[in-house]
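The residues making up each chain are set out below.
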Amino acid sequence: MVARLSYEQLSALRRIDSPTISNAIETFNVRPRVAGYVGYDIRCMFPDLPPTLGYAVTCTVDSTTEGREGIGFNKLYELLKDAPKPAIVVMQDVGPDRVRSCHAGEVMATTMKHLGAVGILTDGGLRDAREVHAMGGFQFFCAGLVVSHGNPICVSVGDEVTISGMRVRCGDLLHGDINGVVHIPDECADKVAEAAYRIWAREEETMRQIAGSQISFSGSEIKH
Ligand SMILES: O=C([O-])CC(=O)C(=O)O
Ligand SMILES: [Mg+2]
């Protein structure tokens with residue numbers, strides 16, 4: 001079951017940073033604490049943008065096999081067009097040379113944005129970073145930038161993929177910013193924003209106590 005949130009619920013989640021979203025998810029005990037987020041090999045290319053929130057549209061891609069033919073990127077665009085919005089296009093690299101892969105640039109990002117996407121998440125490379133940043137409202141989460149697109153093909157669309165240790169299915173709600181990307185589970189998606197605001201209030205109180213030297217180490221543990 002895919003959680004569909006209201007405009008207000010999505011707006012509330014977008015106002016919160018990703019680590020607080022991650023902490024809020026932990027309070028619901030719906031998955032292991034070490035699952036549901038990407039590692040530091042995935043970088044946020046435009047950290048000045050507000051948090052990115054969207055429903056995943058998945059595909060697998062290869063740009064480093066000479067002469068290989070794929071199913072065509074129109075299959076991905078068709079899936080994206082009919083998917084819940086806002087969408088994040090999730091592209092798992094399945095080619096032989098990931099560090100030299102490049103799966104999208106300005107033209108593809110413009111197409112995706114036109115079809116309702118707010119960003120791309122990939123464990124491979126992207127390019128045209130300056131132009132996509134200038135376009136506005138579109139985030140790049142990727143392993144890095146690569147100058148050549150090699151031989152870019154779409155291998156499959158709509159399947160479960162894994163990006164840097166995080167399993168992603170079509171329709172999964174993803175939240176990301178400079179700190180990384182986290183999956184918001186359906187079971188608690190409608191309650192995460194409220195829990196995050198409570199965590200913020202608690203952290204603020206802890207830091208106020210630290211600043212005022214009223215801190216005691218005899219009570220409960222100070223956690224981040
Ligand atoms: O040509 C490509 O494969 C990617 C690219 O640069 C673009 O989408 O602008
Ligand atoms: Mg280009």
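Residues numbered from 1 in each chain as written. Chains lettered and ligands numbered in written order. Predicted model: local features only at pLDDT ≥ 70, side-chain atom pairs only at ≥ 80, totals over all residues. Heavy atoms only, no water.

Can you walk me through the pairing of strand β3 (residues 87-93) in this structure?
Regular strands have side chains that alternate between both faces of the sheet. Across the seven residues of β3, seven count as buried, placing the element largely inside the fold. The alternating pattern of β3 places A87, V89, M91 and D93 and I88, V90 and Q92 on opposite faces, both of which are buried. Bridging between strand β2 (residues 52-62) and β3 involves seven bridges; their strand directions are parallel. Of the residues in β3, the one forming a bridge with V57 is V89. Where β3 lies against strand β4 (residues 117-122), five bridges are found, and the strand directions are parallel. By the bridge assignment for β4, I88 is matched with G119. Following the backbone out of β3, through helix α4 (residues 106-114) and into the adjacent parallel β4, one traces a crossover that is right-handed. (Buried < 20%, exposed > 50% of the residue type's maximum accessible area, 1.4 Å probe, protein only. Helix = DSSP H or I, 4+ residues; strand = E, 2+ residues; numbered from the N terminus. Pairing = 2+ DSSP bridges. Right-handed = clockwise from strand over helix to strand, strands pointing away.)

I keep staring at the packing of helix α3 (residues 74-82) against α4 and nothing clicks. Help me out?
For any two helices packed against each other, the geometry comes down to the angle between their axes and how far apart the axes lie. Running from N to C, α3 and α4 cross one another at 30°; their axes reach a closest spacing of 9 Å. Taken together, the axes of α3 and α4 lie roughly parallel to each other. For the pair formed by α3 and α4, the contact residues are L76, Y77 and L80 on the first element and M108, T111 and M112 on the second. Considering only residue class, the contact of α3 with α4 consists of five nonpolar, one polar and no charged. (Axes fitted to C-alpha atoms, helices over the stretch in contact; angles between N-to-C directions. Parallel < 35°, antiparallel > 145°, perpendicular 65-115°, else oblique. Contact = heavy atoms within 4.5 Å. Nonpolar A, V, L, I, M, F, W, Y, C, P; charged D, E, K, R; others polar.)

Even after reading the chapter, I still don't get the packing of helix α2 (residues 18-26) against helix α6 (residues 192-211), so can you show me in this structure?
Where α2 contacts α6, the axes come no closer than 8 Å and their chain directions differ by 110°. By the criterion of interaxial angle, the relationship of α2 to α6 is roughly perpendicular. Here α2 contributes T20, I21, N23, A24 and I25 to the contact with α6, which in turn contributes V192, A195, A196, I199, W200 and E203. The residue inventory of the contact of α2 with α6, partitioned by class, reads eight nonpolar, two polar and one charged.

Can you help me understand the pattern of salt bridges in this one?
Oppositely charged side chains are able to pair whenever their charged atoms sit close together. Counted according to the given criterion, the structure contains nine salt bridges. A salt bridge links E160 to R167, with the nearest nitrogen and oxygen atoms 3.0 Å apart. Assessed through its relative accessible area of 47%, R167 is described here as partly exposed. A salt bridge links R208 to E205; its shortest N-O distance comes to 3.0 Å. With a gap of three residues between them, R208 and E205 both fall in helix α6, about one helical turn apart. According to the relative accessible area criterion, R208 is partly exposed, its value standing at 46%. Taking the relative accessible area as the measure of exposure, E205 reaches 32% and is therefore partly exposed. When salt bridges that share partners are traced, they join E160, R167 and R169 into one network. (Salt bridge = Lys/Arg side-chain N within 4 Å of Asp/Glu carboxyl O.)

Sorry, what's going on with the side chain of D177 here?
On the secondary structure map, D177 appears in strand β11 (residues 173-177). Here S18 takes part through its backbone nitrogen, which lies 2.8 Å from a polar atom of the side chain of D177. (Polar contact = N/O pair within 3.5 Å; in protein donor to acceptor, adjacent residues only side chain to side chain.)

Which parts of the structure should I look at to understand the site of ligand 1?
Every residue near ligand 1 is listed here: A104, G105, E106, V107, M108, R127, D128, H149 and P152. At 2.9 Å from an oxygen atom of ligand 1 is found a main-chain nitrogen or oxygen belonging to M108. D128 is positioned such that a nitrogen or oxygen atom in its side chain is 3.0 Å from an oxygen atom of ligand 1. When the free accessible area of ligand 1 is taken as 270 Å², the share hidden by the protein chains comes to 86%. Its residues placed into classes, the shell around ligand 1 shows four nonpolar, two polar and three charged. (Near = heavy atom within 4 Å. Areas by Shrake-Rupley, 256 points an atom, 1.4 Å probe, with all protein chains shown as cover.)

Can you walk me through the pairing of strand β6 (residues 139-142) in this structure?
Residues Q139 and F141 of β6 are buried on one face, and the alternating residues F140 and C142, pointing to the opposite face, are buried as well. When strand β1 (residues 43-44) meets β6, the two strands line up antiparallel, connected through two bridges. By the bridge assignment, C44 is partnered in β6 with F141. In terms of strand pairing, β4 meets β6 through three bridges, oriented parallel. Within β6, the residue paired with I120 across the bridge is F140.

Geometry only, nothing functional implied.
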